[in-house]
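# Descriptive structure summary
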Amino acid sequence: MTDFPKKNLKDWQAAVQAGIPSDDRKGLPGNGELSGKALYTAQDLEDLEHQDTLPGFAPFTRGIHASMYTGKPWTIRQYAGFSTAAESNAFFRDNLAAGQKGLSVAFDLATHRGFDSDHPRVAGDVGKAGVAIDTVEDMKILFDGIALDDMSVSMTMNGAVLPVLAAFIVAGEEQGVAQAELNGTIQNDILKEFIVRNTYIYPPKQSMKIVGDIIAYTAEHMPKFNSISISGYHMQEAGATIVQELAFTLANGLAYVRTALDSGLAIDAVAPRLSFFFNVGMNFFMEVAKLRAGRMLWAELMQQFSPQNPRSSMLRTHCQTSGVSLTAKDPYNNIIRTTIEAMAAVLGGTQSLHTNSFDEALSLPTPFSARLARNTQLILAEETGVTDVIDPLGGSYYIEHLTQSMANEARRLIEETESMGGMVKAIEDGWPQRKITEAATRQQARLDRGDDVIVGVNKYEIETEEVVAVLEIDTCDVQRQQAERLKHIRATRDQVALENSLHALRDCARSGKGNLLAGAIEAMRARASVGEVTQALEDVFTRHQAPNITVTGVYRTAFGNVSGLKTVRDEVAQFTAVEGRAPRMLVVKLGQDGHDRGAKVIATAFADVGFDVILGPLFQTPEEAAQDAVNEQVHIIGVSTHAGGHTTLIPQLLNALRAKQADDILVVGGGVIPEQDRKELLDQGVAAIFGPGTPIPDAAVEILQNIRRRNAT
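Summary of the structure given here. Here the structure is a predicted model, which is why all the values come from computation and not from measurement.

## A look at the overall build of the protein chain
- For the protein chain, the helix and strand inventory stands at 27 helices and 14 strands.
- Rg of the C-alpha trace for the protein chain: 26 Å, near the compact-globule value of 27 Å for 713 residues, within the 12% margin.
- Considered along the principal axes of its C-alpha atoms, the protein chain spans approximately 90 × 75 × 50 Å.
- Counting every position in the protein chain, which comprises 713 residues, the buried fraction comes to 58%.
- At a minimum sequence separation of 6, the contacts of the protein chain that also span at least 24 residues come to 79%.
- Split by element, the accessible area of the protein chain, about 28400 Å² in all, is 50% carbon and sulfur.

As structure tokens, this is what we get:
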């Protein structure tokens, strides 16, 4: 055997430097969030908090179960829902027959925001981004043929959580399943909505009352049901760093625990019933470390409440692969991205997993793309051997050091949140919202500069884009069907029982006495609609409208004064000199789509290049946006769309401008707009459409050119 001479770290560093061309020496590689280096050794494992831990034992860094996947693989829980309850039911039953083990229900935006399908504010949203649920009858159809005493059901619902959960409970009763036998999870995470996704309805204080009542009711009546799933998923989708996602999610969890304890529940009656929901993106090792660090931190945070049950300190989590990492350009690359992200979730120790379909940057998944997404998990579980070993990356120099670094940085953010008085107070001050917007804007600048590579988008682009078949939902037809069902139910229900139940619900909300979920169940038994229960509470609580929180200077600072940005700033300055004012743009979200990352980043970045930008309020109708544009005398309206309502809402905006004789105001669209929809929108008068991945300087120059052409005519 050859006796190789031993080398130390200095020898290695010299060898590395010698092998890197001088132009490429950018310092030790990091990951964009935590400081990093190119090599980790045994020295990096010294003084770790979680040394010598085992799966199934506190602090659960290596997993919450002693056997992990060697005893049972994670649950394949695909998130789905679209159109009517009948169509979604057929989709669910097909997936269950093909190997899916649990259901995760996506509701449409009208339902999320507590509006019935026939409400005038929800045109374009009904059945588009999820299933439309108006009454118990819809819920019964949704689970027709699916035994609710045998199936674990997860429901992503926060704003209208009371009527939706109540409808599920009543549907179970009428299927013959007692509340105590219902198994699953309701998200019930309203703080996340105030931070990023925005499907809130009531103000924060009143919303936390609802959360507490659901936790209390389920603790007493539904022992198999998880009353809250604390979600970081949409934080990362909105631009949060991985550290921010972890820290803010755990800080939200602390707020919910305290709410439950304040209502008189014991920690061991609350904590074992909490679950978490994390995003898993393309930063592979960071995502693995995040899940390991999350379990360690949660066990640590729970100790202040002196739990006696070990389950109180276990962080149980569902994961979903990233939506924001999916690209509309070269979309088949998304199959590869999702597979990598799914592997990170599994190696991180998730309890259940949803894998996104490759076409979700374009529209809702088709049956074909949904099958590929589901089979990604089946292949991981059945063919790769990852279930044979518990925490296979445990002991890796890099993973263990990264887990500790992640925990340290997240702990610092949690402590900062606590110093403000907790997450509710921090949200009211706009602090986490501002931090996430800053992070999202910096990410956009890195992409526009080409510092962060997305294959097929800003590097290795293909010359001819493939047109991918997407799932089309006729929202007008869905709305018509739902309206007919609502009309029939309203005509045949017991009106006295309905009014009595809604009156009792208002009294409960006004007095604070009694349980709001118990009241909502009585109302849904009387065949109240989701909108009617929501309105009854709104009569007391009011409907909340959060202020827009934007940042300035972040994009310009992150981008730097390089040629691309300097060129557009010079063009804006020239336009301003000629026209006597800066180009003025109104950035809007139409309908009930609360995903506002794109709108905020656009508003911030365009302001940084010299535009005069107004960011409109969320949830506007096209008519309201058109009136704002006229009042503000803007040159252009930028419509940011994410949830598929563009084919209905943007034409309505154009018509509203024409009706106000303001069709000289240009309209551009950006976001998730499939290629096959673009020609129709352009033919109707949209000036330009910017897909995901369009560099902001390029979009700004094109918009200036459009304004000049319009002014010239």
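So much for the structure itself; the text now carries on.
## Quick word on the packing of helix 7 (residues 204–221) against helix 9 (residues 242–262)
- Contact pair helix 7 / helix 9: the axes reach a minimum separation of 9 Å and the direction vectors enclose 65°. In terms of axis orientation, helix 7 runs roughly perpendicular to helix 9. Of the two possible hands of crossing, helix 7 and helix 9 adopt the one that is right-handed. Two secondary-structure elements touch here, helix 7 through Met-208, Val-211, Gly-212 and Ile-215 and helix 9 through Ala-255, Tyr-256, Thr-259 and Ala-260.
- Of the residues contributing to the contact of helix 7 with helix 9, the split by class is six nonpolar, two polar and no charged.

## Description of the pairing of strand 13 (residues 666–671)
- Counting buried residues along strand 13, five of its six residues qualify, which places the element largely inside the surrounding structure.
- Pairing between strand 12 (residues 636–641) and strand 13: six bridges, direction parallel. Residue pairing for strand 13: Ile-637 is matched across the bridge by Val-667.
- Note: strand 13 against strand 14 (residues 688–690), three bridges, orientation parallel. Bridging across to strand 14, Val-668 finds its partner in Ala-688.
- Traced from strand 13 through helix 26 (residues 675–683) to strand 14, the parallel crossover comes out right-handed.

## So, the packing of aromatic side chains
- For the coordinates displayed, the defined rule picks out 17 aromatic pairs.
- Taking 6.1 Å as the distance between ring centres and 85° as the angle between the ring planes, the aromatic pair formed by Tyr-200 and Phe-619 counts as edge-to-face. With a gap of 419 residues between them, Tyr-200 in the loop between helix 6 (190–197) and helix 7 and Phe-619 in the loop between strand 11 (612–615) and helix 24 (622–632) connect regions that are remote in the sequence.
- Phe-619 gets classed as buried once you look at its relative accessible area, which sits at 4%.
- Taken together, the ring pairs connect Tyr-40, Phe-284, Phe-285 and Tyr-398 into an aromatic cluster.
- The residue whose ring lies beneath Lys-37 is Tyr-40, and the NZ or CZ to ring-centre distance is 5.2 Å.
- Here the basic side chain of Arg-113 rests over the ring of Phe-619, its NZ or CZ set 3.5 Å away from the ring centre.

## Overview of the sheet that holds strand 12
- Pairing is parallel across the open sheet formed by five strands, whose spatial order is 11-10-12-13-14. Edge strands, defined here as strands with exactly one partner in the open sheet, are strand 11 and strand 14. Going from strand to strand, the sheet's axes swing by 20° on average, the running direction of each strand aside.
- For strand 10 (residues 584–588) and strand 11, the ladder comprises four bridges, and the chain directions are parallel. When the bridges of strand 11 are listed, Leu-586 appears paired with Ile-614.
- The sheet strands contacting helix 27 (residues 696–712) are strand 10, strand 12, strand 13 and strand 14, and the helix crosses strand 14 at an angle near 170°.

## Let's talk about a nonpolar patch on the surface
- Together, Met-282, Tyr-332, Ile-335, Ile-336 and Ile-340 line one region of the surface with nonpolar side chains, adding up to about 400 Å² of accessible area.
- The residue Tyr-332 is located in the loop between strand 8 (317–321) and helix 12 (333–348) in this model.

## Some points on the layout of surface pockets
- Its volume calculated, the second largest pocket comes out at about 1000 Å³.
- What lines the second largest pocket is a set of 43 residues, among which Lys-72, Thr-75, Arg-77, Gln-351 and Ser-352 lie closest to the centre.
- When contributions to the lining of the second largest pocket are tallied by element, the ones reaching two or more residues are strand 1 (75–80), strand 3 (152–155), strand 4 (183–186), helix 10 (267–270), strand 7 (274–280), strand 8 and helix 13 (367–383).
- Among the elements that line the lining of the second largest pocket, the one with the most residues is strand 1, at four residues.
- In terms of residue class, the lining of the second largest pocket is built from 15 nonpolar, 20 polar and eight charged.

## A short note on the nonpolar core
- Counting residues in hydrophobic clusters, the biggest one holds 77 residues, and the most contacted among them are Trp-74, Leu-250 and Trp-298.
- If you look at the next biggest cluster of nonpolar residues, it comprises 67 residues, including Phe-143, Met-157, Leu-162 and Leu-182.

## Here we look at the pattern of salt bridges
- Throughout the structure, instances matching the rule amount to 43 salt bridges.
- Of the charged contacts, one joins Glu-416 and Arg-412 as a salt bridge, the two residues approaching to 3.8 Å between their closest N and O atoms. Residue Glu-416 and its partner Arg-412 are located together in helix 14 (residues 397–419), separated by four residues, close to a single helical turn.
- By relative accessible area, which is 43% here, Arg-412 ends up partly exposed.
- Linked by salt bridges that have partners in common, Arg-62, Arg-292, Asp-391 and Glu-400 make up one network.

## Points about the side chain of His-635
- Considering the arrangement of structural elements, one finds His-635 in the loop between helix 24 and strand 12.
- Polar side-chain contacts of His-635 include one of 3.4 Å to the side chain of Arg-581.
- Contact partners of His-635, with chain neighbours within four places excluded, come to Phe-575, Arg-581, Ala-582, Pro-583, Arg-584, Asp-664, Ile-665, Leu-666 and Ile-707.

## Some details on the sheet that holds strand 6 (residues 228–231)
- Read from one edge to the other, the open sheet built from nine strands follows the order 5-4-3-2-1-9-8-7-6, with strand pairing classed as parallel. Here the strands that pair on one side only, and so sit at the sheet edges, are strand 5 (225–226) and strand 6.

About the criteria used
Here the residue numbers are simple positions, counted from 1 along each chain's written sequence. In keeping with the model being predicted, local features are shown solely for residues with a pLDDT of at least 70 and side-chain atom pairs are shown and tallied solely at 80 or more, while totals for entire chains, interfaces and linings include all residues. Side-chain numbers here rest on the full set of heavy atoms in the structure, without hydrogens or water. Strands are runs of DSSP state E lasting at least two residues, helices are runs of H or I lasting at least four, and both sets are numbered from the N terminus onward. With the radius of gyration taken over C-alpha atoms, the globule rule is written as 2.2 Å times the number of residues to the power 0.38. The cut-offs for exposure are 20% and 50% of the maximum accessible area for each residue type, with area from a 1.4 Å probe on protein chains only; residues under the lower value are buried, those over the upper are exposed, and the others partly exposed. Contact definition: two residues touch when any of their heavy atoms are within 4.5 Å. Computed by Shrake-Rupley with a 1.4 Å probe, the accessible areas treat only the displayed protein chains as cover when residues are assessed. Comment: axis = line fitted to C-alpha atoms, over the contacting stretch for helices; angle = value between 0 and 180 degrees taken between N-to-C directions. Here the word oblique covers every angle except those under 35 degrees (roughly parallel), over 145 (roughly antiparallel) and from 65 to 115 (roughly perpendicular). Here a crossing is taken to be left-handed if its near helix is turned anticlockwise relative to the far helix by less than a right angle, and right-handed if that turn runs clockwise. Just so you know the grouping, Ala, Val, Leu, Ile, Met, Phe, Trp, Tyr, Cys and Pro go in nonpolar, Asp, Glu, Lys and Arg go in charged, and all remaining residues, Gly too, go in polar. Between any two strands, at least two bridges found by DSSP are needed for them to pair. With its strands directed away from the observer, a crossover is right-handed exactly when the path from the first strand over the helix to the second travels clockwise. Any two of the Phe, Tyr and Trp rings considered here, Trp counted by its six-membered ring, make a pair once their centres fall within 6.5 Å; the pair's planes then place it as stacked at under 30 degrees, edge-to-face at over 60, or tilted in between. In this analysis the charged atom, NZ for Lys or CZ for Arg, is taken to sit over a ring once it is within 6 Å of the ring centre and within 35 degrees of the ring normal. Within the patch definition used here, like charges are joined within 9 Å and nonpolar side chains (Val, Leu, Ile, Met, Phe, Trp, Tyr) within 5 Å, considering only residues with over 30% relative accessible area and no salt bridge. Within this document, salt bridges are pairs made up of a side-chain nitrogen of Lys or Arg and a carboxyl oxygen of Asp or Glu, the two lying within 4 Å of each other. Here the term cavity refers to a set of points on a 1 Å grid, laid over the protein atoms alone, in which a 1.4 Å probe fits but cannot get out; the term pocket refers to an open set having protein on both sides within 12 Å along at least five of seven lines, with lining residues being those that place an atom within 4 Å of a point. Grid points are joined across faces, edges and corners, and a volume is the space filled by probe spheres set on the points. To qualify as a nonpolar core, a set must consist of buried Ala, Val, Leu, Ile, Met, Phe, Trp, Tyr and Cys residues joined through side-chain atoms within 4.5 Å. Throughout this description, a polar contact denotes any pair of N or O atoms lying within 3.5 Å of each other; where both atoms belong to protein, one of them has to be capable of donating a hydrogen while the other can accept it, and for residues adjacent in sequence the pair is counted only when both atoms sit in side chains.

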